[in-house]
Amino acid sequence: MGGIKIRGYQVSKTGRKDGRRCVDTHSMIEPFYNDASRRSSMDSLASANPYHGRASQFSAPRLSQILLRSSTGPAVAKKPEHLLWGFAQVVGNFIVDPTLINNNEFAPLKQRTMYRPHDTRTTPVISTPPSILFVDLDLAPGETKKFSYKLKLPNDIPPSHRGKAIRFSYSLVVGTQRANNGLSTGQGQVVQIPFRVLNHVTEDGSRPIYDLMNPVVMYKDEAIVEAFSDDDFKKPKLNMRRRASNKTASDKARDEFIAYVNALSNPTNGSVSFHEITRRESDAYEEPTAEQNQDDEDIAEKRMLGRACAQIVSRITNSSTKAMFDIGKSHMRVAQLHLTKTSYRLGEAVLGVLDFEGAALPTYEVSILLESNEVVESDIALRQPHQIARISRKCYAEHHSFCLSHQRLSFSLPIPTIASPEFQTTGVKLQYYIKLEFIVSQKAVQASTPATSTASPSFIPINVDERHRHYQAAQNINVSTFDCQIPIRVYGAPGGTDRAVYGRPYTFFVQ
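Now for a description of the structure that goes with this document.

Parameters and conventions
- Residues numbered from 1 in each chain as written.
- Predicted model: local features only at pLDDT ≥ 70, side-chain atom pairs only at ≥ 80, totals over all residues.
- Heavy atoms only, no water.
- Salt bridge = Lys/Arg side-chain N within 4 Å of Asp/Glu carboxyl O.
- Helix = DSSP H or I, 4+ residues; strand = E, 2+ residues; numbered from the N terminus.
- Buried < 20%, exposed > 50% of the residue type's maximum accessible area, 1.4 Å probe, protein only.
- Pairing = 2+ DSSP bridges.
- Axes fitted to C-alpha atoms, helices over the stretch in contact; angles between N-to-C directions.

**Focus: the pattern of salt bridges**
Here comes step 1: The final tally for this structure, using the stated rule, is 12 salt bridges.
Here comes step 2: Here E81 ties to R178 by a salt bridge, and the two come within 2.7 Å at their closest N and O atoms. Residue E81 is found in strand 3 (residues 81-96), and its partner R178 is found in strand 8 (residues 166-178); the two are separated by 97 residues along the sequence.
Here comes step 3: When its relative accessible area of 3% is taken as the criterion, R178 is described as buried.
Here comes step 4: In this structure, K435 and E437 form a salt bridge, with 3.5 Å as the shortest nitrogen-oxygen distance.
Here comes step 5: For K435, a relative accessible area of 16% gives the class buried.
Here comes step 6: By sharing partners, the salt bridges in this structure join R207, E422 and R489 into a single network.

**Considerations on the pairing of strand 8**
Here comes step 1: Most of strand 8 sits inside the fold, with 11 of its 13 residues counted as buried.
Here comes step 2: The sheet contact formed by strand 3 and strand 8 spans 13 bridges and is antiparallel. Its bridge partner being in strand 8, N93 is matched across the sheet by S169.
Here comes step 3: Counted between consecutive antiparallel strands, the loop separating strand 7 (residues 161-162) from strand 8 contains three residues.

**A look at the environment of A493**
Here comes step 1: Mapped onto the elements, A493 comes out in the loop between strand 23 (479-491) and helix 8 (496-502).
Here comes step 2: Spatially, the C-alpha atom of A493 lies 9.9 Å from that of I418, the residues being 75 residues apart in sequence.

**Observations concerning the sheet that holds strand 12 (residues 323-329)**
Here comes step 1: One open sheet holds the four strands; their spatial order is 12-13-15-18, and the pairing between them is antiparallel. Bordering the open sheet on either side are strand 12 and strand 18 (408-414), each of which pairs with just one other strand. The average undirected angle you get between the axes of adjacent strands in this sheet is 25 degrees.
Here comes step 2: The pairing of strand 15 (residues 349-355) with strand 18 spans seven bridges and is classified as antiparallel. When the bridges of strand 18 are listed, L351 appears paired with S412.

Structural data, given as structure tokens:
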């Protein structure tokens, strides 16, 4: 939310017959990331083998023998590799729908960027200068070099969003070039690696408003680039003071946790009050103590940057109070909506109950939907607000129920983790709401007859005596429909989906 850390840009040299060199071996994408499919190592070997076209005709042992003979052929002499340069930079841009938003308003901003994308429709959100990773890098056969690129993002940039009226996207641009040694063309290779951004949240729950007409352009290189070797990952180089302080803080935290567990498992211990036990649990989410601040400042910053916004969002959503809404039509009560809270995180579920007790109009059917839509300011909009709302509408979850004889109806609407949190800019904002669609009777029930009674106009009595009552459903009834919207707040929250979608390694060839 407040910063980004991209680590593990790995450059290696392998002894392939075709003279190509690759970066990392976990996966492979084309020069410009375009949802390329990933292949296993066996598929890669088979595709490079001349017998790949007939692989399906051989059994597994036969195919492995062919591949073994192919790989044990005369080896080509491995030579050192020379890379002229390598760089990395962060770019962010947005694209608007020209049928909904006047794109000419952003034309002067397209020249204010450090990186010129191929898509001319993009307008910059954030632009950083290239940070040099290395210059004149020599790689021996089998040698690996790793580089770390860290950059703190501004707090006011909008989150990643793929909407109809506007789209925000962010990418890490990585480029390198091989020396022209006769086997390669020596052309530069550049790839764009997308990553997800969640908007910043302050202590009071507010989020900054981004100015679309004022992109963030960094002319000074503020990124931190570090080079690593394999020994740095195996044996971190820490001085004795930092190692001793970390060990002391870790031992103390471990002792406090053991004491806390023992206090919970021994309720007869009268020396420790319940307030003291709960205070220890809440202290785990507070700022670092004075002894923890004695650690290295970089370690403390890394620890707090990743958790600051996440803890604020967790505190805001957990402390959100329940809400109650009276729903009526023509000054007659239809239902009462109860929500457990009104602030949610991505991945949570909207839980609520509809109470029909004491309703003046009986409800035949109700549809509950979790939706969002984009709101565009009138000075840049090309259509009416209701048209833009209808076009940009997204439905994430829905619940339908026939509820004529219901007194209460509960529902659960999950919020997808891949959705965008709500945000606001000077031109476009995203808002979430719960939409309720009712099908009700046109005739109000009498005060002495409850709305959930079977003696409603939708049932016709056939046989009524002292022992039983027989009703038949009416073939035609007069109904009316109406809908209402209940606004809610949705905050961003990192989860496992982000690491699965954006956290996988990327590999590209340098020709």
